[in-house]
Amino acid sequence: MGKPTGFIEFLRELPSELSPIDRTRNWDEFHLPMPEENLRTQGARCMDCGIPFCHTGTVISGMASGCPINNLIPEWNDLIYRGLWKEALDRLHKTNNFPEFTGRVCPAPCEGACVLGIHNPPVTIKNIEYSIAEKGWNEGWITPEPPQKRTGKKIAIVGSGPAGLSAAAQLNKAGHWVTVFERADRPGGLLMYGIPNMKLDKENVVMRRLNVLEAEGVKFVCNTEIGKDVTTEDLLKNFDAVVLCTGATKPRDLSIEGRQLGGVHFAMDFLTANTQAVLDQADPALSAQGKDVVIIGGGDTGTDCVGTSIRHGCNSVVQLEILPKPPEERAANNPWPEYPKVYKMDYGQEEAAAKFGSDPRAYLRTATRFEGDESGNVKAIHTVEVEWERNEQGQFIPKHIPGTEKIIPAQLVLLAMGFLGPEQPLLDAMGLDRDSRSNIKSKYGKYTTTIPGVFAAGDCRRGQSLVVWAFNEGRGAARECDLYLMGETDLP
């Protein structure tokens, strides 16, 4: 619980960051270390709140409230307040295989559910988690821990993103031989190619953990696509169980006039090409340098495109958001402990504001057509403002507002409107049943599919979601897979 009166005595404090202009000169992470004394003070703010909603991990109004992997947050807050960092790391690893990842990229639904947050700024849970993990690495406490004995069972995991990695870590811990298949040239999935380097360092953070997993016995096979390089028949024949963690990688498209023009790309293609270029120390295949960039979509992927475009040296950047601007404080229909839907500027918007003078987001505006030049490349986007109205079925739909048309120059357009589920060829080849949203049909908590011995976890089962939900599902699928193979399980 921290110090009994800490939440009264101390204010919320976050670590310093490099200025938005300075940090856009490279691809490095820009958070500066926080003194240990300050971190202990922040841990002291954790209350004896009776019911710690921060680690409940329930879903309220379609959003996570509290930690989906049920991190024991009050316990490790108290431990760092008392200076017991190694014990704090042990408690953190009890529920979270990769706290250095969640401490960087999770949107922290735990803080939205913090009881202190009802009337004061919540405890800095995310930064404390990050700091515990980094302390563990820096002190040499995180080392390979191979299982003492092997079961002889062989498990294939398809996809090396968050769900696949957490499933691999847990199943290897149970003593099984785990092989992870990844179609990209490097393991990590979304963690490697879907999140830019300045947000999650690939060499110093992602590979650091992957190297430990390999030393513990997990085998990564890259440049290998199941259904093409390895048949589904061979996969099922050569392994005792299979866990599908392919993600929801089918992007939502925008079928308007001019979609075929050059310079209109899916956001993930842009981000992947950029990370490949950063890692290979090469020029990116898709560059925003010297271009007017328009990003369609207002979520995390859109923000990552903003930050990446600025680092390329774009001429301008606009982010179209079809939804209204969120309020500065919780609205009446968004009470605690729901995830707070409030206005904030993420790192990309901060950088755009520093460089160009304002938040790049244009709310309640959508694209109507792409205009091309004589060479067949996009040169502008025609847009219009919208208002949200209910249709005859009671659903909210956007309606164009006449007279609000606006043309925005653009030589690069990035579609960041989310994803529609997993790609279907592998699912077709395996003959798996799907739900109404084209996800693999598999009950939460069981993760079994219509094929015995084949499990599904993460976005390919639940649809596009948070990294922390993928970790939750990977661990859950590992538990059920171990139970299927051994008849019992000690995995949490």
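Draft legend 1. Focus on the pairing of strand β11 (residues 365-372). Here 7 bridges tie β11 to strand β12 (residues 378-390), and the two strands are oriented antiparallel to one another. Bridge pairing in β12 links A367 to T383. In this antiparallel pair of consecutive strands, β11 and β12, the connection spans 5 residues, and G376 shows a positive phi of 85°.

Draft legend 2. Here's a closer look at the packing of aromatic side chains. By the definition in use, this model includes 7 aromatic pairs. When the ring of Y444 is compared with that of Y447, the centres are 5.8 Å apart and the planes differ by 75°; the resulting orientation is edge-to-face. One aromatic cluster is present, formed by F98, F101 and F471 through successive ring pairs. For R150, the ring lying beneath its charged end belongs to W177, and the centroid distance is 4.0 Å. Stacked on the ring of F266, the Lys or Arg R259 has its end atom at 5.1 Å from the ring centre.

Draft legend 3. Quick look at the layout of surface pockets. By volume, the second largest pocket is sized at about 480 Å³. Mapped by element, the contributors of at least two residues to the lining of the second largest pocket are α5 (85-95), α9 (162-173) and α11 (202-215). Ranked by residues supplied to the lining of the second largest pocket, first place goes to α5 with 4 residues. Looking at the lining of the second largest pocket residue by residue, the class counts come to 9 nonpolar, 5 polar and 6 charged.

Draft legend 4. Local environment of the packing of α9 against helix α18 (residues 467-486). Packing of α9 against α18 brings their axes to within 7 Å, and their N-to-C directions diverge by 35°. When the axes of α9 and α18 are compared, the crossing they make is right-handed. Between α9, through P162, A163, S166, A167, Q170 and L171, and α18, the contact on the second element is made entirely by V467, A470, F471, G474, R475, A478, C481 and D482. The residue inventory of the contact of α9 with α18, partitioned by class, reads 9 nonpolar, 3 polar and 2 charged.

Draft legend 5. Helix α8 (residues 125-138), seen in detail. Between its first and last C-alpha atoms α8 spans 20 Å; for 14 residues at 1.5 Å apiece the expected length is 20 Å, and the two agree. Here α8 lies mainly inside the structure; 10 of its 14 residues are buried. All buried positions along α8 are accounted for by I125, N127, I128, E129, S131, I132, A133, E134, G136 and W137. In this structure, the buried residues of α8 make contact with α3 (36-44), α4 (73-81), α5, α6 (99-105), α7 (109-112) and α11.

The rules behind these values
Residues numbered from 1 in each chain as written. Predicted model: local features only at pLDDT ≥ 70, side-chain atom pairs only at ≥ 80, totals over all residues. Heavy atoms only, no water. Pairing = 2+ DSSP bridges. Helix = DSSP H or I, 4+ residues; strand = E, 2+ residues; numbered from the N terminus. Phe/Tyr/Trp six-rings, centres within 6.5 Å; stacked < 30°, edge-to-face > 60°. Lys NZ or Arg CZ within 6 Å of the ring centre and 35° of its normal. 1 Å grid on protein atoms, 1.4 Å probe; cavity = no way out; pocket = protein on both sides within 12 Å on 5 of 7 lines; lining within 4 Å. Points joined across faces, edges and corners; volume = space filled by probe spheres on them. Nonpolar A, V, L, I, M, F, W, Y, C, P; charged D, E, K, R; others polar. Axes fitted to C-alpha atoms, helices over the stretch in contact; angles between N-to-C directions. Left-handed = near helix turned anticlockwise from the far one by under 90°. Contact = heavy atoms within 4.5 Å. Expected span 1.5 Å × (residues − 1). Buried < 20%, exposed > 50% of the residue type's maximum accessible area, 1.4 Å probe, protein only.

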